[in-house]
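Structural characterization, general
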Amino acid sequence: MFSLIDKLEKNQVLSKAEYSYLIENHTYEVDEYLFEKARKIREKYYGKDIYIRGLIEFSNYCKNDCLYCGIRCSNRK
């Protein structure tokens, strides 16, 4: 299990079978190992700072079509 996580860290990709194996057979120790790897990568790029982003809408019109958003241009309701 740990070798799969190391492989994922190194190559940024696993096969579908490898991902399935990790998901189906994880343990607390494996989860903690994975989370620690993820923390180190996050800190490498973003440091320990926390950024909060908020969006304030002034109208119900938008030219963008973000699928998560209710005021996206393709939402005619």
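Residues numbered from 1 in each chain as written. Predicted model: local features only at pLDDT ≥ 70, side-chain atom pairs only at ≥ 80, totals over all residues. Heavy atoms only, no water.

What follows deals with the overall build of the protein chain. In terms of helices and strands, the protein chain carries 3 helices and 0 strands. Taken over the C-alpha trace, the protein chain has a radius of gyration of 19 Å; the compact-globule value for 77 residues is 11 Å, which it surpasses by more than 25%. Per-residue burial over the protein chain gives 10% buried out of 77 residues. Contacts in the protein chain between residues at least 24 apart in sequence constitute 34% of all its contacts with a sequence separation of at least 6. Looking at the protein chain as shown, the accessible area adds up to about 7200 Å², and 57% of this sits on carbon and sulfur atoms. (Helix = DSSP H or I, 4+ residues; strand = E, 2+ residues; numbered from the N terminus. Rg over C-alpha atoms; globule rule 2.2 N^0.38 Å. Buried < 20%, exposed > 50% of the residue type's maximum accessible area, 1.4 Å probe, protein only. Contact = heavy atoms within 4.5 Å. Areas by Shrake-Rupley, 256 points an atom, 1.4 Å probe, with all protein chains shown as cover.)

Turning next to the confidence of the model for the protein chain. For the protein chain, per-residue confidence averages 90 on the pLDDT scale, and 100% of positions sit at 70 or higher. Taking the mean pLDDT of every element in the protein chain, the minimum, 94, falls on helix H3 (residues 28-46) and the maximum, 96, on helix H2 (residues 16-24). (pLDDT = per-residue confidence, 0-100.)

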